[in-house]
Structure formats: structure tokens, C-alpha cells
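As a plain string of letters, each chain reads:
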Amino acid sequence: MSDDTTFDPTDIDRRRFLKATGLAGAGGMTTIAGCSGGGDGTETPTDGSGDGDSDATPAETEDPGEVQEGGRLIWGHSEVTQNLDIHQTATASTGRFLNSVYDALVGLTSDLELSTDPDIQSPGLATDWEVSDDLMTYTFTLREGVTFHDGTELTAEDVKYSYDRIANPDTGAIMQFVFGSTESVEVEDDYTVVVNQSERYQPFLRQLAFSGTSIVPADSGDQIGDEPIGTGPFQFVMRQQGNRAELEAFDDYWGEGPYLDAVEERTVTDPDSRLTGIEEGDFDLINDIPLDDVNDVVGNDSDDLKTRTWSPLSWAFLNMNNTEPPFDDPDFRKAVDFCIDKQGLVEGALFGNGEPTASPSFPASAFRNEEISPREQDFDRAAELFEQSEYDVDEFDITFKVTTNYPWHVDAATILQQYFQQAGLNVEIQQLQWSDWLSQVFTNQDFTLSMVNFFTFWEPAYLYTSMWTSDGSFNFRGYASDEYDQAVVNAAQADSREDAIPHYQEAQSIIHEDVPDVMLWFRDGTVAAKNDVYGLDTVLSPNNSELNFGRVWLDQS
């Protein structure tokens, strides 16, 4: 493996991040992304402390001793899954479900390091790769003996098919931009594939660790939206959308595990119902403990329940349609920013389980611009900017579309509505089901004001390209800035990741000044499980949002 031409600041990011969040104990660094248990192998409740080892194998000393195989784990899932096509899906809820089904080509440790080790947190299908000094040619060697869930063997043809499919605009793949500089994907032999670039794209290798670039069988594109077929530890069985879905163990999985016979996903969007369900024994595991109950549940683990917490889980922002009045005026958008008490919003909507932010980069990321900070609430300054804009603040009746999929967003919208009313801005809240929000706001840009949160943006090129470049796959607000686009291009074409840092920090300064969106908060993450669930340290993927049940097991004694 050769990738020594690039600086790797995410290693630093992770260590700084863990230290900053108080999760790196004196005994060593914590595997926060794995909702880590104690470094001595016991499942220490609630604090996520651990030994920082990227090996995802359940600790040998975990009570009750030996890993046990068998059993069905019932997961109370907080959200509704959407499109099951791993290349097209844009929602974390679906990625959370599919992460046990698919493998990407490049493996990723819990410390966000690329690796070919099969025992890491998120192993990949490549046993080796060579990168030319000019970053124009990438040669991958595939793991042999890997079988898809349909019984076919993984070969280089499958990798070529997958990457050509993602690169094809007709596919509608969310990560099409990853292959924007790819000239060709060539099959050298059954286990060797070569990617040739038309121009340098420095983040390329890291983005092949994203689940959105996972490998699917050749010619399966018409099928995988309904019947996902991967190489992961679990194979898809069925789904009743909005109700339940099932995965079963894949006996020919190439790696360690799975230990469970099956995982049953039950969609439970109501937070109180999820918590009640696990407390009464209906579920074995839930994600997202209700925010108003986190402080009561975490730290009070009982004989029947244990919890894990980490920070951050996701980042949230207020969305303004930059293509329509009044939010096509930067002064109007900035005035809205000055209306908001961000810390008050975190306390009111998240019950304190998060932190305000002015940057979407992870806290303590080497790429984060520390020169910018959240604007303080200042109604006098807001009034000046409203006056300075081309619109009168009282000439609009603005509809604020918010999804009930995230109840804390509804609470936040109510608080924001009160802030805006104090500034003379009339806002009406419209609550939407998640599928309607995706259709109206994300897909059709039929909105004026909204909010949402995003996950898995640990890699800066993915974050800043997809969210705010003029043709970004997540730029549903219609923001367009030549200056911003150029900063991101400069970062992508930098000689190294270290050289890219000032360009990404410049990009943050631009959007902080233009205010295409108002950055709100980083929210903390939680899971709760019954005490007979083990390997819980391995369930969270390195990106802090997806789940993988491959090395989770049940004590059935």
C-alpha cells in the first residue's frame, strides 16, 4: 500500500477531537466512533471510554466470557429508511440500515485511518493499493474469495461496474462527484483494477471508504433499489417501508462474524415509544434516546439496560432558499442569523445535548476555521441588515417547513419562530413527514425556510463539495459563489491534505460571510441496549452515524 505522498491530518483530527470531547482517558485514546466500552474490555456504561484500539473484535474479557452465536436482535430504529440503492440513497437512516449489507473498496479504522486490515472497524475489499506520485493512477488488488449475497464471486469487473455506475449522471448517484476527475476504470485481471484520473483529485482515495461508493455485483443496478446485494455480514430479506425490515446472517461472509442469526429493524419514529419499548423488553437496542430523557437514562444504567454516548453525531443548519425572495439577499440572510440565540436554541431544543457551531467541520478538525464563531443574538444589528436589504421585513409571510422525523427540529422551529417574531418576521411552521420533506425541500426545492441535519461528513472534500458548490449534490438551497467554488477546487487539487487546509478554511470564511445557511449545532449521539447485548463497542461506524451489527452478539444463557 502506498499513499505516502499525502499528509493525513485526520489522524490528528481524531486525537484532538477525542481530547476536546473529554473522551481520551489517561490510559489511551478512545474509540469514540465505536461507542467504546472500557479499555479493560468490560462494557463501561455511558461514557464511551476505551483503549483506542481500532480492532473491532469484541473484547475477549467482555462478560459473560465467550462470544456466543445465534439469536435475533430487534433494533428500534428512529427513522424511516428510503431508497435502498446504496449509490443513490441520500439519507443517513438508510445508510444506517445498509451498512451491514455492503462493503466499500477501502477500509477505514475507528481512528479514520485508511487500512487493508480485515479486522478493523470498517474493513474494505482491497488488500493493497498503489498510488502514482502524481495522483493520476490508482491500482487496487482485491481480496480473493469474497462472495456476494447472490452467490457470485467478487471480481474486478464488479468494481468497474460499480464505479462506472456511480460516475454515470443517469444513475443519480449521490457521490458522482468522486469520479468527476476519473478518465477510466480498467480491469487488469480478475483481482486487479486500475483507476486513471484525467486530473489530480487529492481526496479520491479517502472517498472510496464511503458507503456511497460500495461495490455491487455487475449489472445489478436495476435490482438493488428493491433487493440490496452486497458482500457484507448480513443479507437483505425484506422491508415493509415505515414499519419493519429484516436482515439475516450471510454464512459465506468473508470476514469475522456475523454472530447474530438475524437483525430485525422496527421503525419507531416516536422517541418516547422507542424508550418505552426497550424498557419493557420489546427491543434489544435503540438509537437516539429521547433528548429530554438522556440525562435520566444515561448514568443510571440498570440491571436491564446499558447506554453509550458520543459527540458529535450530526450537524444541523437552518436552510434558506437562496434563489427566491427574501433569501436571495445576503443582507436579509445575515439578519436572520443575528436573530438567533444559538446556545438558547441548544438548551431549548436539544436539552443541552449538543454545542453551537459556526463551522460544519467536526470540532477540533484540522480543517476547521477557528477564526469564525457563531453570531451572537443582536436584534439591533438584525434590524440594520433588514433595512439594508432590498426587502421589507414585514412584506413576507414565510413558511418554515420542518420534518416530524426529528422532533427536536419541530421544537427548534417553534423557538426560532419566536426569535423571528421579535424581529418583525412573520413565520408559519408547516410540519412534514420525512418522505414529504425529502420530496418537497430536498428534491424539488419547493421551500422558503427549513432545517435539517447531516451525518458522515468527516471528510472535508465531501462536506464542502457536496453542500455548497454550485452543482453540489446536497446544495438544495441553490447557493452559488464563484469564489467559494474556486476555494474548494483549489483544495481538491492541492498537493497534499495539509496544503488543502487553508483552502477549506477560506471556504468556511466565505459561507460565514455570505450566510447561505445559518449553522446551528452539533448534536450528541446515544444508543441504549439491553444488558444481554454484547459487542456494543463495535456497532457504530467510524463516521459516527452508520451502524454495523456484524460483531454484535447476544448472551442467550
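All figures in this text were calculated on a predicted structure; none of them were measured in a lab. Going along each chain's sequence as written, the residues are numbered from 1 onward. Given that this is a predicted model, residues contribute local features only at a pLDDT of at least 70 and side-chain atom pairs are listed and counted only at 80 or more, while totals for whole chains, interfaces and linings are drawn from all residues. Computation of side-chain values covers all heavy atoms of the structure but excludes hydrogens and water.

Q: Sorry, what's going on with the overall build of the chain here?
A: Summing up its helical and strand segments, the chain has 14 helices and 19 strands in all. Each accessible area value is a Shrake-Rupley result obtained with a 1.4 Å probe; residue values ignore everything except the protein chains displayed when judging cover. Accessible surface, the chain as shown: approximately 20000 Å² in total, 39% of it carbon and sulfur. The helix and strand labels rest on DSSP assignments: H or I over at least four residues marks a helix, E over at least two residues marks a strand, and numbering proceeds from the N terminus.

Q: Looking at this structure, I do not really get the side chain of Thr 89. What am I missing?
A: Tracing the chain through its elements places Thr 89 in the loop between strand S1 (72-77) and helix H2 (92-98). Each polar contact in these results corresponds to two N or O atoms within 3.5 Å; when the atoms are within protein, one needs to be able to donate a hydrogen and the other to accept it, and residues that are neighboring in sequence are counted only if both atoms are side-chain atoms. Here Asn 83 takes part through its backbone oxygen, which lies 3.1 Å from a polar atom of the side chain of Thr 89. Contacts were defined at the residue level, with two residues in contact if any of their heavy atoms lie within 4.5 Å. Beyond its immediate sequence surroundings of up to four residues, Thr 89 is in contact with Asn 83, Thr 94 and Ile 174.

Q: Could you clarify how one ought to interpret the packing of aromatic side chains in this entry?
A: What describes a pair of aromatic rings is the distance from one ring centre to the other and the angle between the planes of the rings. Pairing of aromatic side chains here covers Phe, Tyr and the six-membered ring of Trp, requires ring centres within 6.5 Å, and sorts the geometry by plane angle: under 30 degrees stacked, over 60 edge-to-face, intermediate tilted. Evaluated as defined, the whole model comprises 33 aromatic pairs. For the pair Phe 442 and Phe 474, a centre-to-centre distance of 5.7 Å together with 45° between the ring planes defines the contact as tilted. One end of the pair, Phe 442, is in helix H11 (residues 434-443); the other, Phe 474, is in the loop between helix H12 (460-468) and helix H13 (482-492), and 32 residues separate them in sequence. Each member of the pair Phe 442 and Phe 474 is classed as buried. An angle of 70° between the planes, with centres 6.1 Å apart, marks the rings of Tyr 479 and Tyr 484 as edge-to-face. Judged on exposure class, the residue Tyr 479 and its partner Tyr 484 are both buried. Buried means the residue's accessible area, taken with a 1.4 Å probe over protein chains only, is under 20% of the maximum for its type, while exposed means over 50%, and partly exposed covers the values in between.

Q: I keep staring at the nonpolar core and nothing clicks. Help me out?
A: In globular proteins that are soluble, nonpolar side chains generally tend to be buried together. Core analysis: the largest hydrophobic core is formed by 165 residues, its most contacted members being Phe 140, Leu 318, Trp 468 and Trp 521. In this structure, Leu 318 is in contact with Val 336, Ile 340, Phe 400, Leu 416, Phe 420, Leu 449, Ser 450, Met 451, Asp 517, Val 518 and Leu 520, ignoring residues within four places of it in sequence. Buried Ala, Val, Leu, Ile, Met, Phe, Trp, Tyr and Cys residues form a nonpolar core when they are joined through side-chain atoms within 4.5 Å.

Q: Quick question: what am I supposed to make of the environment of Glu 280 here?
A: The topology assignment puts Glu 280 in the loop between helix H5 (271-279) and strand S11 (285-287). Considering only alpha carbons, one finds Glu 280 and Asp 304, 24 residues apart in sequence, at a separation of 9.7 Å.

Q: Would you explain the packing of helix H8 (residues 342-350) against helix H10 (residues 407-422) in this entry?
A: For any two helices packed against each other, the geometry is given by the interaxial angle and the distance between the axes. Only the stretch in contact is used when a helix axis is fitted, and all axes are lines through C-alpha atoms; the angle between N-to-C directions ranges over 0 to 180 degrees. H10 packs onto H8 with a crossing angle of 140° between their chain directions and a minimal axis gap of 8 Å. In terms of their interaxial angle, H8 and H10 are classed as oblique. For the crossing formed where H8 meets H10, the hand is right-handed. Contacts between H8 and H10 involve Gly 344, Leu 345, Gly 348, Ala 349 and Leu 350 on the former and, on the latter, Trp 408, Asp 411, Ala 412, Ile 415, Leu 416 and Tyr 419. Residue classes follow a fixed rule: Ala, Val, Leu, Ile, Met, Phe, Trp, Tyr, Cys and Pro count as nonpolar, while Asp, Glu, Lys and Arg count as charged, and any other residue, Gly among them, counts as polar. Here the residues of the contact of H8 with H10 sort into 8 nonpolar, 2 polar and 1 charged. Any angle that falls under 35 degrees is termed roughly parallel, while one over 145 is termed roughly antiparallel, one within 65 to 115 roughly perpendicular, and all others oblique. By definition, turning the near helix anticlockwise from the far helix through less than a right angle yields a left-handed crossing, and turning it clockwise yields a right-handed one.

Q: Would you mind going over the packing of helix H7 (residues 330-338) against helix H9 (residues 379-388) with me for this structure?
A: Remark: H7 packs on H9, axes separated minimally by 8 Å, with the N-to-C direction vectors making an angle of 165°. Regarding the angle of H7 to H9, the classification is roughly antiparallel. Crossing of H7 over H9 shows left-handed handedness. Contact residues: H7 offers Asp 331, Phe 332, Lys 334, Ala 335, Val 336 and Phe 338, while H9 offers Phe 379, Arg 381, Ala 382, Leu 385, Phe 386 and Gln 388. Along the lines of polarity and charge, the residues of the contact of H7 with H9 split into 8 nonpolar, 1 polar and 3 charged.

Q: Please explain the pairing of strand S15 (residues 426-432) as it appears in this structure.
A: Consecutive residues of a regular strand have side chains that alternate between opposite faces of the sheet. Pairing between two strands requires that DSSP report at least two bridges joining them. In the sheet, strand S14 (residues 397-403) pairs with S15 via 7 bridges, with the strands oriented parallel. Within S15, the position partnered with Thr 399 by the bridge is Glu 428.

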